[in-house]
Amino acid sequence: MDARLSTEQRELRDAAARLAGDLGPGSVRDLADADRIARLEKAVAATGWRALRSDGASGVEVALVAEEFARGLVDVPFLGPVLAGDLRPGDAGDAQPWTISVRSEAIDARIQRVLAVRDGQILTARTGAELPGADLTRVSAEVIGPLEVAGQLSGEHAGRWLALALAVTSADMLGAARGAQALACDYARIRAQYGKTIGSYQAVAHPLAEGLALIEGSVSVLRHAAWAVDALAPPEAVRAAQIAKVYCARAALTICETSVQVHGGIGNTWECLAHVYLRRVLASAELFPVGLEEIDCGLS
Amino acid sequence: MDYRDSPAEAEFRDRLRTWLAWRGGRAGSFPASGDDYWRRQGEWHQALYGAGFFGLSWPREYGGQELPPVYDVILDEELARAGAPPRPSLGYLVQGLGRHGSAELRRRFLPGMIDGTQRWCQGFSEPGAGSDLASLTTTATLVQGDRAPGDSADDDGNDAEYVVHGHKIWTSYSDVADWCLLLARTDPDVPRHRGLSAFVVSMRQPGVEQRPFRMMNGITTEFGQVLFDGARVPADQMVGAAGEGWALAMTIVGHEREPAELGYSARYGKLVRDLVSRTKGSTPTELTWAYVQTEMLRLHVRRRLSERLDGVAHGPEGSLDKLLMTWVEQTAGHAALAVGGTRDPDLLSAYLYSRAQSVMGGTSQIQKNIIASRILRLGG
Ligand SMILES: Cc1cc2nc3c(=O)[nH]c(=O)nc-3n(C[C@H](O)[C@H](O)[C@H](O)COP(=O)(O)OP(=O)(O)OC[C@H]3O[C@@H](n4cnc5c(N)ncnc54)[C@H](O)[C@@H]3O)c2cc1C
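Cut-offs and rules
Residues numbered from 1 in each chain as written. Chains lettered and ligands numbered in written order. Predicted model: local features only at pLDDT ≥ 70, side-chain atom pairs only at ≥ 80, totals over all residues. Heavy atoms only, no water. Helix = DSSP H or I, 4+ residues; strand = E, 2+ residues; numbered from the N terminus. Rg over C-alpha atoms; globule rule 2.2 N^0.38 Å. Buried < 20%, exposed > 50% of the residue type's maximum accessible area, 1.4 Å probe, protein only. Areas by Shrake-Rupley, 256 points an atom, 1.4 Å probe, with all protein chains shown as cover. Lys, Arg positive; Asp, Glu negative; His and termini not counted. Charge placed at Lys NZ, Arg CZ, Asp CG, Glu CD. Salt bridge = Lys/Arg side-chain N within 4 Å of Asp/Glu carboxyl O. Pairing = 2+ DSSP bridges. Contact = heavy atoms within 4.5 Å. Axes fitted to C-alpha atoms, helices over the stretch in contact; angles between N-to-C directions. 1 Å grid on protein atoms, 1.4 Å probe; cavity = no way out; pocket = protein on both sides within 12 Å on 5 of 7 lines; lining within 4 Å. Points joined across faces, edges and corners; volume = space filled by probe spheres on them. Nonpolar A, V, L, I, M, F, W, Y, C, P; charged D, E, K, R; others polar. Parallel < 35°, antiparallel > 145°, perpendicular 65-115°, else oblique. Left-handed = near helix turned anticlockwise from the far one by under 90°. Near = heavy atom within 4 Å. Polar contact = N/O pair within 3.5 Å; in protein donor to acceptor, adjacent residues only side chain to side chain. Disulfide = S-S within 2.5 Å. Buried area = accessible area lost by both parts, 1.4 Å probe.

**Some remarks on the overall build of chain B**
- Summing up its helical and strand segments, chain B has 13 helices and eight strands in all.
- Scaling as 2.2 N^0.38, a compact globule of 380 residues should have a C-alpha radius of gyration of about 21 Å, and chain B matches this with 21 Å.
- In terms of overall dimensions, chain B has C-alpha extents of about 75 × 45 × 40 Å along its principal axes.
- The burial tally for chain B puts 55% of its 380 residues in the buried class.
- Accessible surface, chain B as shown: approximately 15600 Å² in total, 50% of it carbon and sulfur.
- Here chain B holds 42 positive side-chain charges and 47 negative ones, and the gap between their average locations is 7 Å.

**Description of the pattern of salt bridges**
- Summed over all chains, the structure comprises 43 salt bridges over all chains.
- Two residues, E68 of chain A and R178 of chain A, come together in a salt bridge whose shortest N-O distance is 3.3 Å. Of the two residues, E68 of chain A is situated in helix α3 (residues 59-71) and R178 of chain A in helix α5 (residues 155-190); the sequence distance between them amounts to 110 residues.
- Of the residues examined, E68 of chain A reaches a relative accessible area of 3% and is grouped as buried.
- Ionic contacts of the salt-bridge type, sharing partners, join the residues D5, R13, R17, E77, E78, R81, E295, R298 and R302 of chain B into one network.

**Thoughts on the sheet that holds strand β5 (residues 140-152) of chain A**
Residue and element names in this part refer to chain A.
- Pairing in this closed barrel of five strands is mixed, and the strands run β1-β2-β5-β4-β3 around the ring.
- As paired elements, strand β2 (residues 105-106) and β5 share two bridges and run antiparallel to each other. Across the sheet, E105 pairs through a bridge with E142, a residue of β5.
- Docked against the sheet, helix α4 (residues 79-87) engages β1 (98-102), β3 (113-118) and β4 (121-131), running at close to 90 degrees with respect to β1.

**So, α4 of chain A**
All names here are of chain A.
- Across the nine residues that make up α4, a large majority, nine, are buried.
- Residues of α4 that are buried: L79, G80, P81, V82, L83, A84, G85, D86 and L87.
- Those residues of α4 that are buried are in contact with α3, β1, β3, β4 and α5.

**Quick notes on empty space enclosed by the protein**
- Within the structure shown, the criterion is met by one cavity of 30 Å³ or more.
- If you add up the space inside the largest cavity, you get close to 50 Å³.
- Of the residues contributing to the lining of the largest cavity, the split by class is three nonpolar, two polar and two charged.

**Some details on the packing of helix α5 (residues 91-100) of chain B against helix α7 (residues 245-256) of chain B**
Residues and elements named next belong to chain B.
- Following both chains from N to C, one finds α5 and α7 inclined at 150 degrees, their axes separated by 8 Å at the closest point. By the angle between their axes, α5 is roughly antiparallel relative to α7. Here α5 and α7 pass one another in a crossing that is right-handed. Here Y92, L93, Q95, G96, R99 and H100 of α5 lie close against α7, whose contacting residues are A247, L248, T251, I252, H255 and E256.
- Partitioning the contact of α5 with α7 into residue classes produces five nonpolar, five polar and two charged.

**Considering the site of the ligand**
- Surveying the vicinity of the ligand reveals 20 residues, the closest of which are Q122, S125, S131, W170 and T363 of chain B.
- The site occupied by the ligand is bordered by residues of chains A and B.
- One nitrogen or oxygen atom from the main chain of F124 of chain B is found 3.0 Å from an oxygen atom belonging to the ligand.
- Here a nitrogen atom of the ligand and a side-chain polar atom of S172 of chain B are 2.8 Å apart.
- Mapped by element, the contributors of at least two residues to the shell around the ligand are β3 (161-172) and α13 (364-375) of chain B.
- Here the shell around the ligand is composed, by residue class, of seven nonpolar, 12 polar and one charged.

**Digging into the side chain of R87 of chain B**
All names here are of chain B.
- Structurally, R87 can be placed in the loop between α4 (71-82) and α5.
- By relative accessible area, which is 5% here, R87 ends up buried.
- In this structure the side chain of R87 is engaged in a polar contact, spanning 2.7 Å, whose partner is the side chain of D76.
- With residues up to four places along the chain from it excluded, the contact list for R87 reads L48, F54, D72, L75, D76, L79, P259, A260, E261, L262 and G263.

**Considering the state of the cysteines**
- The full count for this structure, using the stated rule, is zero disulfides over all chains.
- Free cysteine: C248 of chain A, not disulfide-bonded; nearest cysteine sulfur from C256 of chain A at 12 Å.
- Summary of cysteine pairing: C121 of chain B is not part of a disulfide, and the nearest cysteine sulfur, belonging to C180 of chain B, is at 3.8 Å.

**Thoughts on the environment of P284 of chain B**
Residue and element names in this part refer to chain B.
- Here P284 is to be found in the loop between α9 (264-278) and α10 (285-307).
- Judged by its relative accessible area of 19%, P284 is buried.
- P284 sits 51 residues away from A335 along the chain, and the two C-alpha atoms are 7.8 Å apart.
- Beyond its immediate sequence surroundings of up to four residues, P284 is in contact with T279, A338 and V339.

**Some remarks on the interface of chain B and chain A**
- Contacts between the two partners involve 48 residues from chain B and, on the opposite side, 44 residues from chain A.
- Summed over both sides, the interface of chain B with chain A buries roughly 4200 Å², with 68% coming from carbon and sulfur.
- For the chain B face of the interface with chain A, the top three residues by lost area are M1, Y3 and L378 of chain B, together amounting to 19%.
- Linking chain B to chain A there are four salt bridges.
- Note that D310 of chain B is salt-bridged to R4 of chain A, the shortest N-O span being 2.4 Å.
- On inspection of chain B and its partner chain A, the count reaches 17 residue pairs in polar contact (both at pLDDT 80 or more).
- With 15 residues, the top contributor of residues to the side of chain B that touches chain A is α10 of chain B.

And the structure:
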């Protein structure tokens, strides 16, 4: 039994963190910087990470990149193409990425080509008009036909795919929560009131301390879920991923809300990045949502 | 990364399962909480040790097996599954004595501590010194042996002793303890953290008075007050050097905060399993949430114990784990209420007892202070 990352996995995580740190938005204004987005798009495309799954990488690697990309608010498609890649193994040579549709909506819809899963079939379609949504870093869109059958999906593969989707959306929430936590801690160290930095007040410091504990707990459940995607039978993998999703969603929401609160007035403005993390968490919680009532507390 | 058991781990798990089942479900019917548990904890400890399932990662020299730390999580998981009591939570005392005690003290005291033939308690807290432990006022004063002249063969200081005066409180299992790891002030004239020393004091001597407490759930065997009035301790039972008591205390409280060390994830796992088996129809959301939390803690302990393979040093991170553990226990407490209401005495007791987790071993507020100042560096 060993829950540690391998050296290669740690290197992948660090490389993803570097890329996101260099080219992700450092401010709300950066979100509108088309040049930056173009450079980010080029850099992400060059890594080949969107094809991690079709290249045979494990759920753990995909989750690590997803987490770091969310922490750095990477605003070019990743989750959509990487989940599409799982449906089209061996498609790595195809330079144009695909994204996926979830409940008849295309996610990460800055991509034209969409894969939908319905009744054990993989269908191809195209993205249509953008849909309203919370997320400022990713867009969703309508799915337009014609729908064409591109392949079959076995029950086993469908189960694994769901587990992967739950794990990577959990990783996305964890990453965004870590970003929001760091933002709040940085602010608490510099903002002074009553002649002292606000971080020195327990009423500010304690929720931030709780946030870090929630992050550690999230890392522990998520890592197991990401490993389980490939290592356990699909029903068990889905179960592990549902637990991760429920835990990470609650933790991430709490952490982002704390981040808004710690920023005071500025935290409630459009200009503060806190809501960008919060919005990303809301969007990823809603993608492949899991409610407590779905969790099986069965005694194995 | 592989969360599965290695062949050796699987073999160990099988053996453990067989033993737990062989005890004819006795392990399952062994009291896991309340006064009955504390009363029979020594028996449970010795049974577990005797069968080769306790002290797994500790040095062979003292009765351990030097297995990798992850074997402890296998133990926790299987105890929870069998509905057995948790493993005795001694890890922090073993670490404290192991790290700070001389070779002589380790040889003398660790084997009995680990095999369960000798019981221990921890005498740190005082009425006036709780969170602010360094303000403690119990004193240990050096006296030369007061035997009659000529009584002893030589007078080279071997019979030097300390005399202890003071009032300890919240001392868990003090009523059954043979030994107390005591923190006392040996030098009142230096800055307060530096005047403290640690001792192994016999609890079975004149000058030690016990006053048990009744906890709010009614149990009387969890903790008590201990009054030291002229109790004696040989000078060679000082742990570490004079003035090094604070360092030992920090080692102990650091480990006392870790679910990996305490094995409590087994206790919560068992409670949640019991609750699930009692529910008919739909599961209350409080219980499902408690289940999710216990799974989180189980996986967290797996991660932490895996990290120990890299020799990760202990620091303030233990406070993060203590907070997680506290939330799990208190969520499980709420689940117990949701399932049993207040009419089931065991479940009510589990709920009431869960409230202590955010106080014992350093309160949640103190853990958050530590995280905020030492990890997040928020100032203050
Ligand atoms: C079940 C149980 C078993 C125990 N077993 C042992 C044992 O075996 N040996 C032993 O030595 N001790 C033991 N303790 C004692 C325990 O460590 C203390 O109770 C704990 O450290 C708190 O000290 P106190 O009770 O004096 O509370 P206080 O320190 O008086 O705290 C009262 C309240 O004030 C808060 N507070 C205090 N200081 C601060 C601060 N700086 N910032 C924010 N909030 C603060 C606390 O969080 C708490 O809510 C046990 C306690 C319990 C409940």
